[in-house]
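Coordinates in review
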Amino acid sequence: MFPIRLLLIGALICAALTGQVSAHHEDLQPKIQALAAGSLKDRARTVEALLKTGDSRIIPVLQHLAAGSLYVRKSDGLVVLTHKTGASYDATAPLTGEVTAGLAKRALKKIKANNSLRRRIKKGLSLFALSSPEEDERLAAAQTLLTSKDISILPLLETRLEAEQDEEIRTALLEAKAAMTLQSDASDAEKTAAISILEEMGGRQAMSLLSQVEPLLSKAVKEQVLAAKGRLESERQLWELLQNGWYGLSLGSVLLLASIGLAITFGVMGVINMAHGEMVMIGAYTTYTVQTVIQSVAPGLLEFSLLFALPLAFLAAGSVGFAMERGVIRFLYGRPLETLLATWGISLFLQQAVRTIFGPTNQEVINPSWMSGAIELGGLSLTLNRIWILLFAIAVFAALFLLIKRSHMGLQMRAVTQNRQMASSMGIRTPWVDAFTFALGSGIAGIAGVALSQIGNVSPNLGQTYIIDSFMVVVFGGVGNLWGTLIGALSLGIANKFMEPLAGAVLAKILVLAFIILFIQKRPSGLFALKGRAAQS
Amino acid sequence: MIPLTSSLLYLDDVHVAFDGFKAINGLSLIIEPGEMRAIIGPNGAGKTTMLDIITGKTKPDSGDVLFEGGLDLTEKDETEIALAGIGRKFQKPTVFESQTVRENIELALAGSRNILASILYQEGEEDYERITQILETIRLDHRAEELAADLSHGQKQWLEIGMLLAQDPKLLLVDEPVAGMTDAETVETAKLLRDIARTRSVIVVEHDMSFIRDLDVKVTVLAEGSVLAEGSLDHVSQQPEVIESYLGR
Amino acid sequence: MISRFLFKGLQGKIGWVAGAILLLSVLVPFCNLMLPESHLLYVPDYAVSLFGKYLTYALLALALDLVWGYCGILSLGHGAFFALGGYAMGMYLMRQIGPRGVYGDPILPDFMVFLNWSELPWYWWGFDQFWFAALMTLLVPGALAFVFGWFAFRSRVTGVYLSIITQALTFALLLAFFRNDMGFGGNNGLTDFKDILGYSLQTGTTRAGLFAASAIALAVCLMLSSALIRSRLGKVLIAIRESESRARFLGYRVEHVKLFVFVLSAMMAGLAGALYVPQVGIINPGEFAPANSIEVVIWTAIGGRGTLIGPLLGAISVNLGKSWFTAALPDYWLFALGALFVAVTLFLPRGLMGLFSGYSTKSGKSGNPLTRWLPFLASDRTGGKDQ
């Protein structure tokens, strides 16, 4: 019952819109037939004429023309809509709906269209869509009208506005009307109202619409346009600032993820782990491996492969870290420069190992659908994967913070770093605490790798791209201070992104590096320094 | 320069705080030329921090630190203070381990420290004699050509004192000189410091009470960053505040 | 007095080694140019260039050893000074091409014509003169080291912090030199050199000459370093390495001494880079890569830091190994290099020089041979002063 009523309403609206439908009924068939003859130019004229009829039966005809499936049947010269089934075609007569099946390709002749014709058809059809029963279609149609230069449809818009109930579609229609009003010879008062509607709409489109009509206007209205443009421009700048802030926050969260494990190994334990970047790389390759396995074993779970990858990456990177600590680093405590060299050696080793196993080229990690796409927020565009990474970084930070401050293991870790001998004499097995702390830092680098595989290349050099930045963050924030790492990462990310529009990406990075080099010389212990005798010893 | 005081070292109302913790809290201290002073006090009383302030390692938040009446030590760094005539021995003996005992003393020997002079330096007869003399004073002449790393803990302490002597300072700051020494070595060290104090001022920070007694000098007791008592060892050790601060409340 | 200072540099083993290198500077060119190819002692052309290159590496390692081995400053950015010296020489060689470039511009190098630049940037002025370029190969790295060191040492950035920011320094330069508008050829760097001082770089005589120049430079720097180390300043350097604050409390201007040796070392690295570029025929931003600088550290560590011969030995042996590996087992070179880093730090902290030589008598832990060779067996957490 319901769909039928809807259709009826649609038909009624249609009739109201076009008025003279029945009067030209007989003229429609020859007009459609006219499409088959003449040049492209003639065809454009015919299309115009068809659109003018306002008859909804031309919609499929024009759609087929635009799609390249409108043909002439050679046997009787009738224009038909075709549908390809296998090697043959089914032809439908546009008005009667009579179907002839199984026509061979050579029984038909294609009616060609070019791009400008297709555009014209699309625009013309959008007028029809204005009276579509589907709200989505009406909205889309109203939005495409915004850039239409055809002011002849103004009265039509008025009619539609009266009939339209949906607030959103009404707004879109009003905006389209405003744009057209400015191009028409309406009074200055109407145009002023139109300007404020467009200004309210905002965004880049309003800006360009206003710029386009500006030369056509009278002096008084022009001033208003200029004022509106000024306000729009400052609004745009504000949005741009926010957008840059978002990019900065996003880069900051990447830096935070990359450096947070280092804040443990370097910041808390004082171990210079140059293979930290390779822990991130191991995490990324774990993600890739998990995805490959799931793809072949249970493709249905592919969407959730990241959830499987997280714990596995933690374990993989964590156990490599554990092995490193037990096998090499523990012999080098108290000798930071040697640690630096040995871990650099390990990083070369790990890179080459990955290159041997997975090959030197980039591997593709698929973004699950819940991480693809973007959210539009006013003038902001926030991509979903970046939002997830920001949330993830904060979650990892919070978890780590709680682990260190609240858990028993965290207590032992802090005890060992503050006074090894005392901790050991109180029964804490310091070697194991060392090994697990290092494994924890490495494991966190591993899960950072899972996240970072979503926004960059997964290659054997992945770690190298992050290692210097990570050290900069930890040193800048102040060694041994998790908050410092958080603030350091975010502020460096934001600083970088705000400098980019001014200086270009590479120069911005150089400037940030130079700034940190100078900063460390001014405050060798970073933003949040430990003070007192503990810091000096 | 107009001498503000006739004393060698003058600390007045010095404050320093680390993250809110008041390590030195209104400390005042005066050392006269040629005086030897012992500083005692419980752990955390601010003894080492006080030495850090005098030698320029830590800058005080407020207060005056004057040397020889007019030199404002709060504005100088370690090097300038060392060159002005203040030598310091660390709590943990700090010598150059991969160099010989003689080289250690040679490096400390008074003289021009600039780069060109260091490159062109030739050891003369006079310097050689002086080094030998210092090595005899610190009883290490028989080990002059050995690496400092091979010395015992007590001998390293002595070597460090020897280096201070070679520096020829007006004021010597000695932080726990007898930690880790045998009783015999402790007695020897006390004798050595008394010898040294004949020609210059010395501040000794120490925990070892029998050693302080051996030194037989005026004692200053520090507690919670300021002076608690001053006087002879017998005098201060009878004061109730001192006993309380050592034993706790 | 100065001559006596230099004479000190020739005493002992160093004198012999420097002499041997000087002898090589004559012998190798002779064996290459004068002997027939069939002769037993004939040195082929490629070997002359290859060993010439190794000599510049050895000089770079020596430069690093002065700051790291003797003064405890681990620079992870010495490749930057090397590359800057190389670029200065490369700029001279570029200007020497003159109208023989692809675009035939008498003044502008090809890449500038390609970028539609109309005139030479000011910082390229003077590089058509050899003396000027030669001066710049020393002054530019020296100036960078001075500015960097001035800030770093004055604010007492030490240990790993210093290492990390030197690494950031070379990384920032890497990024900068990749940019086309820096005016140093961007990604491609400077190449297609034709001749140096009027001699074609393609001839065997020039190659032999460059080899001799590298050998002489190495020998001279070796003597200079040796003299420096034997002077009182050398003792001060070691003193700073062992206990910076002790040196400071003895009245030494630690930051000045460090700055002096850092700048000197940067200049030596620049000289090495300047000799390297004409022998390999190219300089590009890749030379600034942090990995390169760290490789220099491992040459020095393998040879034996804190000795003058060690870095030479390390640079040459590691690079021989690299040449062999990349030819025979290309996939395994990084494994070998990685293992080398780990093995040297764990088992050979004094490098190859620690294996030979009477250094054990100078050591505090000479007693137990096991702990001497496997020092980690004796390692404890409190022990071991690093910087």
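Residues numbered from 1 in each chain as written. Chains lettered and ligands numbered in written order. Predicted model: local features only at pLDDT ≥ 70, side-chain atom pairs only at ≥ 80, totals over all residues. Heavy atoms only, no water.

1. Let's talk about the nonpolar core
In terms of nonpolar packing, the biggest core is built from 262 residues, with A:Phe266, B:Ile105, B:Leu159, C:Trp124, C:Leu190, C:Phe288 and C:Trp299 touching the most fellow members. Sort the elements by how many residues they give to this core and helix H3 (residues 45-70) of chain C lands first, with 16 residues. Here C:Trp299 is in contact with C:Tyr57, C:Leu60, C:Ala61, C:Gly314, C:Ala315, C:Val318 and C:Asn319, once residues within four sequence places are set aside. Listed in part, the 27 residues of the second largest apolar core include B:Ala23, B:Leu29, B:Ile54 and B:Phe67. (Core = buried A, V, L, I, M, F, W, Y, C linked by side-chain atoms within 4.5 Å. Buried < 20%, exposed > 50% of the residue type's maximum accessible area, 1.4 Å probe, protein only. Helix = DSSP H or I, 4+ residues; strand = E, 2+ residues; numbered from the N terminus. Contact = heavy atoms within 4.5 Å.)

2. Examining the pattern of salt bridges
Summed over all chains, the structure comprises 40 salt bridges over all chains. Between B:Lys218 and B:Glu230 there is a salt bridge, with the nearest N and O atoms lying 3.9 Å from each other. Residue B:Lys218 is located in strand E9 (residues 218-223), and its partner B:Glu230 is located in strand E10 (residues 226-231); the two are separated by twelve residues in the primary sequence. You can call B:Lys218 partly exposed: its relative accessible area is 37%. For B:Glu230, a relative accessible area of 33% translates into the label partly exposed. When the shortest N-O distance is used, the salt bridge between C:Asp128 and C:Arg95 registers 4.0 Å. One end of the pair, C:Asp128, is in the loop between helix H5 (110-114) and helix H6 (130-154); the other, C:Arg95, is in helix H4 (residues 78-97), and 33 residues separate them in sequence. Salt bridges sharing partners connect three or more residues here, namely B:Asp77, B:Glu80, C:Glu244, C:Arg248, C:Arg253, C:Glu255 and C:Lys258. (Salt bridge = Lys/Arg side-chain N within 4 Å of Asp/Glu carboxyl O.)

3. Considering the interface of chain A and chain C
Reports of interface size often rely on the accessible area that becomes lost once the parts have come together. Taken together, the contact pairs 44 residues of chain A with 47 residues of chain C. Summed over both sides, the interface of chain A with chain C buries roughly 4,200 Å², with 76% coming from carbon and sulfur. Considering only the surface of chain A that becomes buried against chain C, A:Leu337, A:Leu341 and A:Gln521 emerge as the three largest contributors, covering 17% of it. Linking chain A with chain C are one salt bridge, by the criterion used here. The partner of A:Glu338 in a salt bridge is C:Arg305, and the shortest N-O contact between them spans 2.5 Å. Scanning the region where chain A abuts chain C turns up two residue pairs in polar contact (both at pLDDT 80 or more). (Buried area = accessible area lost by both parts, 1.4 Å probe. Polar contact = N/O pair within 3.5 Å; in protein donor to acceptor, adjacent residues only side chain to side chain.)

4. Notes on the side chain of A:Ser453
All names here are of chain A. Within the secondary structure layout, Ser453 lies in the loop between helix H18 (430-452) and helix H19 (462-477). We classify Ser453 as buried; its relative accessible area is 3%. Ignoring any residue separated from it by four or fewer positions in sequence, one finds Ser453 in contact with Ala284, Thr287, Val365 and Val458.

5. Let's talk about the packing of aromatic side chains
Considering all chains together, one arrives at 41 aromatic pairs over all chains under this definition. Here the aromatic rings of A:Tyr288 and A:Phe358 are separated by 5.9 Å at their centres, their planes lie at 75 degrees, and the arrangement is edge-to-face. Of this pair, A:Tyr288 sits in helix H12 (residues 276-297) while A:Phe358 sits in helix H14 (residues 336-358), placing them 70 residues apart in sequence. Taken together, a centroid distance of 5.3 Å and an interplanar angle of 80 degrees make the contact between A:Trp370 and A:Trp388 edge-to-face. Taken together, the residues span a long stretch of sequence, with A:Trp370 in the loop between H14 and strand E6 (374-377) and A:Trp388 in helix H15 (residues 384-406) at a distance of 18 residues. Looking at A:Trp388, the relative accessible area reads 39%, which means it is partly exposed. Taken together, the ring pairs connect C:Tyr87, C:Phe111, C:Trp122, C:Tyr123, C:Trp124, C:Phe177, C:Phe184 and C:Phe288 into an aromatic cluster. The lysine or arginine in question, B:Arg88, covers the ring of C:Phe249, its NZ or CZ lying 5.6 Å from the ring centre. B:Arg102 extends its terminal NZ or CZ atom over the ring of B:Tyr128, reaching a point 3.9 Å from the ring centre. (Phe/Tyr/Trp six-rings, centres within 6.5 Å; stacked < 30°, edge-to-face > 60°. Lys NZ or Arg CZ within 6 Å of the ring centre and 35° of its normal.)

6. Brief notes about the pairing of E10(B)
All names here are of chain B. Bridge count between E9 and E10: five bridges; the pairing is antiparallel. Each bridged residue has a counterpart across the sheet, and for Thr220 the counterpart in E10 is Glu230. In sequence, E9 turns back onto E10 through a hairpin of two residues, with Glu224 there showing a positive phi of about 45 degrees. (Pairing = 2+ DSSP bridges.)

7. Observations regarding empty space enclosed by the protein
In this structure the tally under the stated criterion is three cavities of 30 Å³ or more. If you go around the largest cavity, the residues you meet are A:Glu338, A:Leu341, C:Trp68, C:Ala301, C:Arg305, C:Val344, C:Thr345 and C:Pro349. For the lining of the largest cavity, the elements supplying multiple residues, two or more each, are H14 of chain A together with helix H14 (333-347) of chain C. Residue composition of the lining of the largest cavity, grouped by class: five nonpolar, one polar and two charged. (1 Å grid on protein atoms, 1.4 Å probe; cavity = no way out; pocket = protein on both sides within 12 Å on 5 of 7 lines; lining within 4 Å. Points joined across faces, edges and corners; volume = space filled by probe spheres on them. Nonpolar A, V, L, I, M, F, W, Y, C, P; charged D, E, K, R; others polar.)

8. Quick look at helix H3 (residues 101-108) of chain B
In terms of burial, H3(B) is largely enclosed, as eight of its eight residues are buried. Those residues of H3(B) that are buried are in contact with helix H5 (125-137) and helix H6 (153-167) of chain B together with helix H9 (232-242) of chain C.

9. Thoughts on helix H13 (residues 309-328) of chain C
All names here are of chain C. Taking 1.5 Å per residue as the helical rise, H13 with its 20 residues ought to reach 28 Å, and the 28 Å between its terminal C-alpha atoms agrees with that figure. Listing the buried residues of H13 in full gives Ile309, Gly310, Pro311, Leu312, Gly314, Ala315, Val318, Asn319 and Phe325. The secondary structure elements touched by the buried residues of H13 are helix H2 (12-33), H3, helix H8 (204-230), helix H12 (290-303), H14 and helix H15 (351-355). (Expected span 1.5 Å × (residues − 1).)

10. Some points on the packing of helix H5 (residues 115-129) of chain A against helix H6 (residues 135-145) of chain A
Residue and element names in this part refer to chain A. Close contact between H5 and H6 brings their axes to 8 Å; oriented N to C, the two are set at 135 degrees. In terms of orientation, H5 lies oblique with respect to H6. The chirality of how H5 crosses H6 is left-handed. Across the interface between the two elements, Lys123, Ser126, Leu127 and Ala129 from H5 touch Glu137, Arg138, Ala141, Thr144 and Leu145 from H6. Here the contact of H5 with H6 is composed, by residue class, of four nonpolar, two polar and three charged. (Axes fitted to C-alpha atoms, helices over the stretch in contact; angles between N-to-C directions. Parallel < 35°, antiparallel > 145°, perpendicular 65-115°, else oblique. Left-handed = near helix turned anticlockwise from the far one by under 90°.)

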